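The residues making up each chain are set out below.
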2 protein chains.
Amino acid sequence: MEDKIKIGIVGYGNLGRGVESAIGQNSDMELVSVFTRREPDSVSLLNSAIPVRPLATIEEYKEEIDVLILCGGSKNDLPEQGPVLSASFNTVDSFDTHAKIPEYFESVNASAKPNGKTAIISVGWDPGLFSINRLFGEAILPEGATYTFWGKGLSQGHSDAVRRIEGVKGAVQYTIPVEEAVDRVRSGVQPELSTREKHTRECFVVLQEGADAERVERDIVTMPDYFADYDTTVHFISEEGLAKDHAAMPHGGFVIRSGKTGEASNQVMEFSLTLDSNPEFTSSVLVAYARAAYKMNRAGDSGAKTVYDVAPGLLSPKSPAELRKELL
Amino acid sequence: MEDKIKIGIVGYGNLGRGVESAIGQNSDMELVSVFTRREPDSVSLLNSAIPVRPLATIEEYKEEIDVLILCGGSKNDLPEQGPVLSASFNTVDSFDTHAKIPEYFESVNASAKPNGKTAIISVGWDPGLFSINRLFGEAILPEGATYTFWGKGLSQGHSDAVRRIEGVKGAVQYTIPVEEAVDRVRSGVQPELSTREKHTRECFVVLQEGADAERVERDIVTMPDYFADYDTTVHFISEEGLAKDHAAMPHGGFVIRSGKTGEASNQVMEFSLTLDSNPEFTSSVLVAYARAAYKMNRAGDSGAKTVYDVAPGLLSPKSPAELRKELL
C-alpha cells in the first residue's frame, strides 16, 4: 500500500464518481479522500470507507495526497479551483472551454510552477485524446486536412439550451455525425464541409402541460449558434420515456486526417471513440494522466502541462523496459 | 534557411525516397545529404541538387547534420548502423523486429548516451503509432482487451517467402483482416480470436515456365509460421498482370481497445490507418520524429528513446503556446 499513488478527488458528480470507479481498476493507485463544497454527510461514495471532507479543509491534507483530480465544471469551478489548488497539489483537470485554454493555462502555471507542482490541464477526450490525434495528423501529414466529428452522443450544453426554452419540462439532445460526410472524408477526397453537412441534431423533449409544441419546436430549430446552422429533428416524448430511454450518457466521435504524400498517395489516419458512458471514459483518462502528473513531478518537471507535454509512457504503470518488451 | 533542421538520410531505397519527399513538405527542415553504400553516382534523387556521398565518409559531415534518418532494413543494416551512427549523430530509425527491440535499444543507448546524442528507435506505424495506441488503450481502460489487425496490405516478408518457393517467378501477398472479426471487436464483446479468425492471406503468383501450379499452391498454403495457420487463397497471374495491378504498396490496419468502466459500460477506442503507400507513410512518421529528436537533444535529453518517451508536442513545428491555442 505504501507505494501506491495517493489520489484525492475534488467534486463528486458524474465525473468524480467515474474517477472513484476508475481508481479501483488501477492497482498502483488508491483514493484517499473526496473533497466537496456540499455537506460531507450528504455525499455517498461507491466505497463508503473513504472519507468525504469539506473542500475548505483541503490544505490540511497536503502531505497525504500525491495528485488531486479536479472534477468540477469548466464554467465556474475550475477557473477558480485550478489556480488555487495547483499551488499546493499536483493536479489534473478536464478544463474544456477551448477558447479559454491559453488564459487558464497561464493562471494555473503561475501558481504551480513557483511551488514546484505539476498541473495537467484539459485532459479527457476532447480536449485530450482528440487533440493528440489532431496534432499527430498534421505533424505526420502536413499536406492534408483534419476533420473532427462528434457523436452519436448526448451533448450536455445543447440539452441545457433546450431545457431553458419556455414550455420545456425536460430534454436531451444528441449530436449525430452525417454518415455520408464521414465516408467521403475516409475515402481521402478531402471535401470542404459546412457545419450543416457534418452533423445533425436530434432532440427529445418533454413539454410542460399546456405548452405550445409548434412554438417550442420553432424556438429550438432557429436558436442561433446551437441549432440554426444544423438540420434538427425534434421529438416530443413523455416524462417516463425520457427517464427510461435517455438516461445514459453515450458519446464518441472521430478525428480523421486525410493527407497526400509522394506523387499522389492518399494516406488516412483515424482515431475514433464509441462510448457507453462519456463521464466514465473522461474519468478513466483523468486517472491515467494523474499517474503521469505524479511521475513528472517526481522527475522535477513542474508547472502547467497539457496532453501535448506528456510522453505516452508516463501514462502506464509499466516501466519503460517493460513497455519496450511487451507493447512496442 | 539558417534555422532549418538539417537532415541526412542513410540508405536510399523506398524509405529513403519517402523521407526525401516528406522533408519537402516540412518548411522547417532541409535535406543536406544522402549517404549510401552504393556508388554515389548510381543513386538518383528526386531533387538532384542534393549531394549523394559514400557512407564511409559520413563522419566528416558531423557538424553539418542535426539529425540522421536511418532508412536501412532491420535485419542487416540497422543492427550495425544504429549503434555506430548514434555515437556521432542524433538518429531516428524504423527498427521493426519486435522481439529484438530491447537488445537493439540497449546497444543504441550505450553509444548515444555517453556521447550526448538522441536516438529515437523503432519509429513508424507498427512499431510506432500502433504501439502508442496499444499503450493508451491499456492505460486508460485497464479492464479490457487490445486487438491489432493489419491490412488490407502488402506484406513484404510474406511476399518474399512465396518468392523463395521453387517454380515461383514473382509474387505478392496481401494480409486481409476478417471483417466479421473486426465488427465483433468493435461491438465491445471482447471475443477470443484465433490467428485464423483474425486475418486471411491472398497471394498473386507468377509461375516459372513448366512449374507445377498444384505443388506451388500446396507449398504456399502449408508453409509453417507464414501460411499454415491462415486461410490462404492463391491466384496465378501473368507477369504483366503482376506489374500492372500489384506494384503499389498499400497497407494499414487497426488497433482497437475494448474495455469496461463503471458497472457495465462498454468503451471502445480505435486507431486506424488506410495507406496508399506504406513506405511513404512510414517516412512521414520518421520525419516528424526527427524534429522531436532535434528538440529533445537541444533540451539535453539524450540516449536511446522510443515513441513512448516522446511528448506529442515535440512532433509539431508549432510552439507549445500555438498548439494550446490552435489545436487543443
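This text goes with the structure placed above it.
Described in the following lines is the structure provided in the data block. (Residues numbered from 1 in each chain as written. Chains lettered and ligands numbered in written order. Predicted model: local features only at pLDDT ≥ 70, side-chain atom pairs only at ≥ 80, totals over all residues. Heavy atoms only, no water.)

Following the criterion strictly, the structure yields 25 salt bridges over all chains and no others. Between Arg196 of chain A and Asp231 of chain A there is a salt bridge; the shortest N-O distance is 2.7 Å. You can see Arg196 of chain A sitting in helix 7 (residues 195-198) and its partner Asp231 of chain A sitting in strand 11 (residues 231-236), a full 35 residues away along the chain. Owing to a relative accessible area of 36%, Arg196 of chain A belongs among the partly exposed residues under this scheme. According to the relative accessible area criterion, Asp231 of chain A is partly exposed, its value standing at 41%. Connected through salt bridges with shared partners, the residues Glu138 of chain A together with Lys318 and Glu326 of chain B form a single ionic network. (Salt bridge = Lys/Arg side-chain N within 4 Å of Asp/Glu carboxyl O. Helix = DSSP H or I, 4+ residues; strand = E, 2+ residues; numbered from the N terminus. Buried < 20%, exposed > 50% of the residue type's maximum accessible area, 1.4 Å probe, protein only.)

Moving on to the packing of aromatic side chains. Evaluated as defined, the whole model comprises twelve aromatic pairs over all chains. Consider the rings of Phe95 of chain A and Tyr104 of chain A, whose centres lie 4.1 Å apart with planes at 15°: the pair is stacked. Taken individually, Phe95 of chain A and Tyr104 of chain A each receive the classification buried, so the pair is uniform in this respect. Taking 5.2 Å as the distance between ring centres and 75° as the angle between the ring planes, the aromatic pair formed by Trp125 of chain B and Phe130 of chain B counts as edge-to-face. For Trp125 of chain B, a relative accessible area of 6% gives the class buried. We classify Phe130 of chain B as buried; its relative accessible area is 0%. (Phe/Tyr/Trp six-rings, centres within 6.5 Å; stacked < 30°, edge-to-face > 60°.)

Below, the discussion takes up the relation of the copies chain A and chain B. Take chain A, turn it by 180°, move it 0.0 Å along the axis, and it overlays chain B with an RMSD of 0.0 Å. This pairing of chains is accounted for by a two-fold axis. Taking the C-alpha atom as reference, chain A places Ala311 of chain A closest to the rotation axis, 1.9 Å from it. Interface overlap between copies: 100% of the residues of chain A at the interface are likewise at the interface in chain B, consistent with a symmetric, same-surface contact. (Least-squares fit on C-alpha atoms with pLDDT ≥ 70 in both. Contact = heavy atoms within 4.5 Å.)

Attention shifts here to helix 8 (residues 213-221) of chain B. Residues and elements named next belong to chain B. Every buried residue of helix 8 is accounted for by Arg215, Val216 and Ile220. Along the axis of helix 8, the buried positions cluster into a sector of 140°, meaning they face one direction only. Where helix 8 is buried, its residues contact helix 5 (156-163), strand 9 (168-177), strand 10 (199-207) and strand 11 (231-236). A side-chain oxygen of the first residue of helix 8 lies 3.0 Å from the backbone nitrogen of Glu214; this N-cap is Asp212. (Arc of directions from axis to C-beta. Polar contact = N/O pair within 3.5 Å; in protein donor to acceptor, adjacent residues only side chain to side chain.)

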